[in-house]
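# Residue-level structure breakdown
These are the residues of each chain, in order.
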Amino acid sequence: MKSIRLVPIALLASAALLLTGCVNNEPTTPASSGTAPAVAKDDAAAKLVPEDVASAGKLVIGTDATYAPNEFKDADGNPTGWEIELADAMAAKLGLTTDYQIAKFDNIIPSITGGKYNLGLSSFFDTKERQQQVDMIDYYTAGIQWASLADKKIDPENACGIKLAVQNGTTEALDDGPAKSDACVAAGKEPIELLGYDTQDDATAAVTLGRADAMSADSPVTQYAVAQSDGKLVTSGEVYSVFLYGMPIAKDSGLGEALQAALQSLMDDGTYKEILSKWGVEQGAIDKIDINGATE
């Protein structure tokens, strides 16, 4: 999603599903996930909710549920993951429910600016470029990490000429991958061939099936895919280009202050860290909820 502040993190991901040559679209949840913690309404935060949203009684949320462990579908086809639990708890703080709308990643922000969704929840990196279209409610940090088949040694800093699987619309597809390929060409080497897929499941499967040499995704997602692969996949290189995750909302919608207050309340009462710890991603936790915190 785009390089900005470099914040060292070591995200851990737990998993128990084995791959058999392809990616399962319904990964199992970690044994410790259970149900989202019970959350009491925060009256002060709830008073900040715009009247139209308060009257509807719900947050309509666009999500690409193919990005385990952040957001994906359970065995019944319902959205799950640590971000889903966090959004459910955030809504409860505001006295609202959540209405998840499954969408392709690159359709979510246009649907927010078009008024279809109140917000997006799909591991969006907060960047100055995205801030031109939407406001971002920041709640986490993650970086970029590659993975490849265990018998292939791929170096992200020396990957000229390889085939790299990425999810369409992500910073890996729009910025990081092209920048690395352009650097190869500038050095007189073969470009990186970017293979774009509509879902992260398909991008990961391209590697396990031998159609791509490596994949690039957000660090918790890459590490989760490796953990599920029964040794078929390994991480390639370290986490780099760490960003803030942000929930995109329509600019000047009046909803940002309510979401910020609800998330800060979850942080203050310990629920935020509890949810992250259950999913093994607590190393990406931040200390304060901001709006539009990216500086590049």
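The structure under discussion appears in the preceding block.
Here is what the cut-offs are and how they apply
Residues numbered from 1 in each chain as written. Predicted model: local features only at pLDDT ≥ 70, side-chain atom pairs only at ≥ 80, totals over all residues. Heavy atoms only, no water. Helix = DSSP H or I, 4+ residues; strand = E, 2+ residues; numbered from the N terminus. Buried < 20%, exposed > 50% of the residue type's maximum accessible area, 1.4 Å probe, protein only. Disulfide = S-S within 2.5 Å. Salt bridge = Lys/Arg side-chain N within 4 Å of Asp/Glu carboxyl O. Pairing = 2+ DSSP bridges. Right-handed = clockwise from strand over helix to strand, strands pointing away.

### Points about the environment of Ala-147
Among the secondary structure elements, Ala-147 is positioned in strand S7 (residues 134–149). Given the relative accessible area of 0%, Ala-147 is considered buried. Put simply, Ala-147 and Ala-214 are 67 residues apart on the chain and 5.6 Å apart in space, counted from C-alpha to C-alpha.

### Considering the state of the cysteines
All told, the structure shown has one disulfide when counted by the stated rule. Across a sulfur-sulfur distance of 2.1 Å, Cys-160 and Cys-184 are joined as a disulfide pair. Residues Cys-160 and Cys-184 share a disulfide whose torsion about the S-S bond is about -90 degrees; that sign makes it left-handed. One end of the pair, Cys-160, is in the loop between S7 and strand S8 (163–167); the other, Cys-184, is in helix H6 (residues 171–186), with 24 residues separating them in the sequence. Using a relative accessible area of 5% as the deciding quantity, one classes Cys-184 as buried.

### Some words on the pattern of salt bridges
Within this structure, the stated rule accounts for eight salt bridges. One salt bridge connects Asp-213 with Lys-152, and the closest N-O pair in it is separated by 2.7 Å. Of the two residues, Asp-213 sits in the loop between helix H7 (200–208) and strand S10 (214–218) while Lys-152 sits in the loop between S7 and S8, which places them 61 residues apart along the sequence. Under the relative-accessibility criterion, Asp-213 is labelled buried at 19%.

### A word on the pairing of S8
Within S8, four of the five residues are buried, which leaves the element mostly enclosed by the surrounding structure. Direction of pairing for S8 relative to strand S9 (residues 193–197): parallel, over a ladder of five bridges. For Gln-167, the partnering residue across the bridge sits in S9 and is Tyr-197. Between the parallel elements S8 and S9, the chain passes through H6 in a crossover that is right-handed. Bridge analysis of S8 against S10 gives two bridges, and the strand direction is parallel. Paired with Ala-165 across the bridge in S10 is Met-215.

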